[in-house]
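# Overview (structure and organization)
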Amino acid sequence: LMPIEAMACGCPVVSNDGPNVEWQLTDSENALLCPPTPQALANGLMRLLQDEDLRQRLIQQGFEFAEKTDWAHEGDRVASFLKHLASESN
């Protein structure tokens, strides 16, 4: 749940895109999601450094997202996601 901790600290979140983060992160809403390659993640970080409006929006919306949740709720979401993964592998 590291992204939520970063959001709560007022940091914009850049993460890899994929089904493993979709339950928690929404591209350009509370995080900037990039293809899972070093170059794409570096490009995402550079984009945040160069785009003040995007950076501030992600900081604000990420903080609001973190403020609305709690560990029990996020724990339930993690458990649900893991159950979903287990059912897909069977």
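Structural data are supplied above this passage.
Notes on the structure in this doc start here. (Residues numbered from 1 in each chain as written. Predicted model: local features only at pLDDT ≥ 70, side-chain atom pairs only at ≥ 80, totals over all residues. Heavy atoms only, no water.)

### Looking at the packing of aromatic side chains
Counting across every chain of the model gives one aromatic pair. Between W23 and F81 the ring centres are 6.1 Å apart and the planes differ by 25 degrees, which places this aromatic pair in the stacked class. Highlighted residues: W23 in the loop between β1 (14-16) and β2 (32-34) and F81 in helix α4 (residues 71-89), separated in sequence by 58 residues. Overall, W23 belongs to the buried group, its relative accessible area being 18%. Assessed through its relative accessible area of 17%, F81 is described here as buried. (Phe/Tyr/Trp six-rings, centres within 6.5 Å; stacked < 30°, edge-to-face > 60°. Helix = DSSP H or I, 4+ residues; strand = E, 2+ residues; numbered from the N terminus. Buried < 20%, exposed > 50% of the residue type's maximum accessible area, 1.4 Å probe, protein only.)

### Side note on the packing of helix α2 (residues 38-50) against helix α3 (residues 52-67)
The relative placement of two packed helices is expressed as an angle between their axes plus a distance between the axes. Running from amino to carboxyl end, α2 crosses α3 at an angle of 100 degrees, the nearest separation of the two axes being 5 Å. When the interaxial angle is binned, α2 and α3 end up roughly perpendicular. Within the contact between the two elements, α2 uses R47, L48, L49 and Q50 and α3 uses E52, L54, R55 and L58. For the contact of α2 with α3, a count of residues per class yields four nonpolar, one polar and three charged. (Axes fitted to C-alpha atoms, helices over the stretch in contact; angles between N-to-C directions. Parallel < 35°, antiparallel > 145°, perpendicular 65-115°, else oblique. Contact = heavy atoms within 4.5 Å. Nonpolar A, V, L, I, M, F, W, Y, C, P; charged D, E, K, R; others polar.)

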